[in-house]
Amino acid sequence: RKERFGFENVDFVNPPQWNRDNPPQEMQIIYDPAFQEWVDFRCQLMADALQQMYELAMSLNPEVVLEINPGGITGENRTWESGVDHSRLLKFTETFWSEEDDMPAYHADGRLVTKIRSYKLARTYSNVLFTYIADHPLYLAEALAFNQTLGYVGTNPISATTQEYIDFYRKNRESYENSVDFSNVAILRSYASLTYNNAAAQLCAILVEQTLIQAHIPFDLIFDDGLKNMAKYKVLILPNSECLSDEQIAMIRRFVEGGGGLVVIGQTGLYDEWRRVRVTPGLTGLVDKQAPASDYQEEVKSSAAPAGISSRKQVGRGRVAYLSAVEFDGAMPPATPGFAITNEFWKLPKNWKEVAGQIHWAAEDQIPLLIDGPEFLVANCTSQLQNRRILIHLVNYDVTKTPTIPAIQVSAALPEKRTAIKVTAL
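This write-up is about the structure you can find in this document. Position numbers for residues count from 1 along each chain, tracking the sequence in the order it is written. pLDDT decides what is reported in this predicted model: residues at 70 or higher carry local features, side-chain atom pairs at 80 or more are listed and counted, and totals for whole chains, interfaces and linings draw on all residues regardless. Just so you know, side-chain values use all the structure's heavy atoms and leave hydrogens and water out.

1. Focus on the side chain of K120
Following the sequence through the fold, K120 ends up in helix 5 (residues 116–124). To sort residues, take the accessible area from a 1.4 Å probe on protein chains only and compare it with the maximum for the residue type: under 20% means buried, over 50% means exposed, and anything in between is partly exposed. The charge count treats Lys and Arg as positive and Asp and Glu as negative. His and the chain ends do not count. By convention in these notes, a salt bridge is any Lys or Arg side-chain nitrogen within 4 Å of a carboxyl oxygen on Asp or Glu. Lacking a salt bridge, the buried K120 has D181 as its closest oppositely charged neighbour, with an N-O distance of 4.3 Å. Strands here mean DSSP runs of E at least two residues long; helices mean DSSP runs of H or I at least four residues long; both are numbered from the N terminus.

2. Quick notes on the sheet that holds strand 2 (residues 95–97)
The strand order across the open sheet formed by three strands is 1-2-5, and the pairing between neighbours is parallel. In the strand order of this sheet, the two ends are held by strand 1 (67–68) and strand 5 (128–130), each with one partner. Throughout, a contact is declared for two residues whenever any of their heavy atoms are within 4.5 Å. Every axis in this analysis is a line fitted to C-alpha atoms, fitted for helices over the stretch in contact. Angles between the N-to-C directions lie between 0 and 180 degrees. Most of the contacts of helix 5 go to strand 5, to which it runs at about 140°, and overall it touches strand 2 and strand 5. Strands qualify as paired when DSSP identifies two bridges or more between them.

3. Digging into a nonpolar patch on the surface
Patch criteria: residues need more than 30% relative accessible area and no salt bridge. Like-charged residues are merged within 9 Å; nonpolar side chains of Val, Leu, Ile, Met, Phe, Trp and Tyr are merged within 5 Å. Working definition of accessibility: Shrake-Rupley area with a 1.4 Å probe, residue cover restricted to the visible protein chains. A surface patch of nonpolar side chains, about 340 Å² in accessible area, is lined by W38, F41 and L45. Its place among the elements puts F41 in helix 2 (residues 33–60). Classification of F41 by relative accessible area gives partly exposed; the value is 43%.

4. Observations concerning the packing of aromatic side chains
Pairs of aromatic rings are described using the distance from one ring centre to the other and the angle between the two planes. For Phe, Tyr and Trp, rings pair up if their centres lie within 6.5 Å, where Trp contributes its six-membered ring, and each pair is then called stacked (planes under 30 degrees apart), edge-to-face (over 60) or tilted (otherwise). Evaluation of the coordinates by the stated rule reveals 14 aromatic pairs. Summarising the aromatic geometry, the rings of W97 and F130 are spaced 5.9 Å apart at their centres and angled 70° between planes, so their arrangement reads as edge-to-face. With W97 in strand 2 and F130 in strand 5, the pair connects residues that are 33 residues apart, well separated along the chain. Residue classification places F130 among the partly exposed residues on the basis of a relative accessible area of 26%. Look at Y125 and F223: their rings are 5.8 Å apart centre to centre, the planes differ by 40°, and that puts the pair in the tilted class. With Y125 in the loop between helix 5 and strand 5 and F223 in the loop between strand 8 (220–222) and strand 9 (235–239), this pair connects stretches of sequence that are 98 residues apart. By relative accessible area, which is 14% here, Y125 ends up buried.

5. What to know about the packing of helix 5 against helix 6 (residues 137–147)
Here helix 5 crosses helix 6 at 30°, and the two axes come no closer than 9 Å. Here helix 5 lies roughly parallel to helix 6, going by the angle between them. Along this stretch, helix 5 crosses helix 6, giving a crossing that reads as right-handed. Residues I116, Y119, K120 and R123 of helix 5 form the contact with helix 6, whose own contacting residues are E142, A143, F146 and N147. Residues are grouped as follows: nonpolar covers Ala, Val, Leu, Ile, Met, Phe, Trp, Tyr, Cys and Pro; charged covers Asp, Glu, Lys and Arg; every other residue, Gly included, is treated as polar. A class-by-class count of the residues in the contact of helix 5 with helix 6 yields four nonpolar, one polar and three charged. Roughly parallel refers to an angle under 35 degrees, roughly antiparallel to one over 145, roughly perpendicular to one between 65 and 115, and oblique to any angle outside these ranges. Note on convention: near helix rotated counterclockwise from far helix by under a right angle means a left-handed crossing. Clockwise means right-handed.

6. Overview of the packing of helix 6 against helix 7 (residues 160–171)
Contact geometry of helix 6 with helix 7 gives a least axis separation of 10 Å together with a crossing angle of 20°. Classified by the angle between their axes, helix 6 and helix 7 sit roughly parallel to one another. When you trace helix 6 past helix 7, the crossing you get is right-handed. Taking contact as the criterion, the partners of P137, L140, A141 and L144 in helix 6 are, on helix 7, T161, T162, Y165, F168 and Y169.

7. Considerations on the pattern of salt bridges
Scanning all chains against the criterion turns up 16 salt bridges. Taking the shortest distance from any N to any O, the salt bridge between R117 and E209 comes out at 2.6 Å. Taken together, the positions of R117 in helix 5 and E209 in helix 9 (residues 198–214) put the pair 92 residues apart, joining distant regions of the chain. Classification of R117 as buried rests on a relative accessible area of 2%. Using a relative accessible area of 0% as the deciding quantity, one classes E209 as buried. Put simply, R173 and E177 hold a salt bridge, and the shortest N to O gap is 2.9 Å.

8. Thoughts on helix 9
For helix 9, with 17 residues, the first-to-last C-alpha span of 23 Å sits near the 24 Å given by 1.5 Å per residue. Of all 17 residues that make up helix 9, 17 are buried, and the element is covered over most of its length. Two residues or fewer after helix 9 comes H216, characterised by a positive phi angle close to 60°. Here the expected length of a helix is defined as 1.5 Å per residue gap, with one fewer gap than residues.

9. Side note on the environment of I158
You can see I158 is positioned in the loop between helix 6 and helix 7. A C-alpha to C-alpha distance of 62 Å links I158 and E8, two positions 150 residues apart in sequence. Once residues within four sequence positions are removed from consideration, I158 is found in contact with V153, Q163 and I166.

10. Some thoughts on the side chain of S183
Within the secondary structure, S183 sits in the loop between strand 6 (180–181) and strand 7 (185–188). The buried category is assigned to S183, whose relative accessible area is 8%. Side-chain polar atoms of S183 contact the side chain of D220, separated by 2.8 Å. When residues no more than four places from it in sequence are discounted, the contact partners of S183 are P218, F219, D220, K232, Y233 and P368. Polar contacts here mean pairs of N or O atoms no more than 3.5 Å apart (in protein, one a potential hydrogen donor and the other a potential acceptor; neighbouring residues in sequence count only if both atoms are side-chain atoms).

Everything listed here is a matter of coordinates, which is why it stays silent on function.
See the structure below:
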């Protein structure tokens, strides 16, 4: 208690006095250790309750499928607002709902809105995502490409458009079943960083994910528990992952020493897991010159972060690339309650080519999929190694203006130096 709060006697710690003039949504950065503990308590209580339900259900009938409705990744601070930490909940489920309004589209202002983050969240924890997709070819195509099944397809009667995609899935079901996402790039969604400073950490994560999506770089989302098993990855991206524990930093160092590539952005590692500023930056030795710790409150309202520092470094068998900032392209949208990074922000950052270049360098140009196509063409790569197959899913998000995209160049790396026997287009 003394280390956590500064004193041992907590008898006189009172709840905050929230009211109309002082709503909790106005708190951009959560410094107070009592608030931090309150968020963690709510998230853990929710997970414990779900675990009790899961264990009871499995004891009665192991064939039961457990489904919950926690929402997906939409830019909000779900831990602070709702006590929802996906990484604690989805280990007990097989499917979950996200009733988000982020309908897939390529907008005139350059925003590419997708549900890909929510689909990748589901894949990380071997879940199927249910979300509203019925009656629209793009929504259905995105679900097949990233969910590997359709999920929710509407109510009776099924529309002709939806039926067409159901028929395609049934005809080609063996191309979707038992597939795993085929990628060697992981991006960390750090609980402490996103919870305590959602505006800055979430903005950076969203913009880097947008770069990966539109630069055709296959990737996985990982959460704090994912750092314990990084064997399949060549590159780990830390997007303004401010708050890292000593244990997490040690795992990251081992990953680099083992030959992994690391892309560090912004204030990564400058705070510990309680958001206390580290006297010595956590990634010292991996990153030589890093922008100092700051709250970014005013900067986030006007731009993503101070820019200008980038570096590359060979560390043992691994590589470390550093960028001081990922820059939002254009005037920042107005802050929303809770400082959510909603789809107004979902566009390629100003320096996206530099971000993509750092990722390719850190990977030693070993990204398993290379595509020469426009920014509104999105790809996902899966594998069925038991069938010796790699599957590449291509989705055109600008179908109304550009219904066909000619001459797409696709290159795929095969595992274990195998040779392609044939290529099939469905």
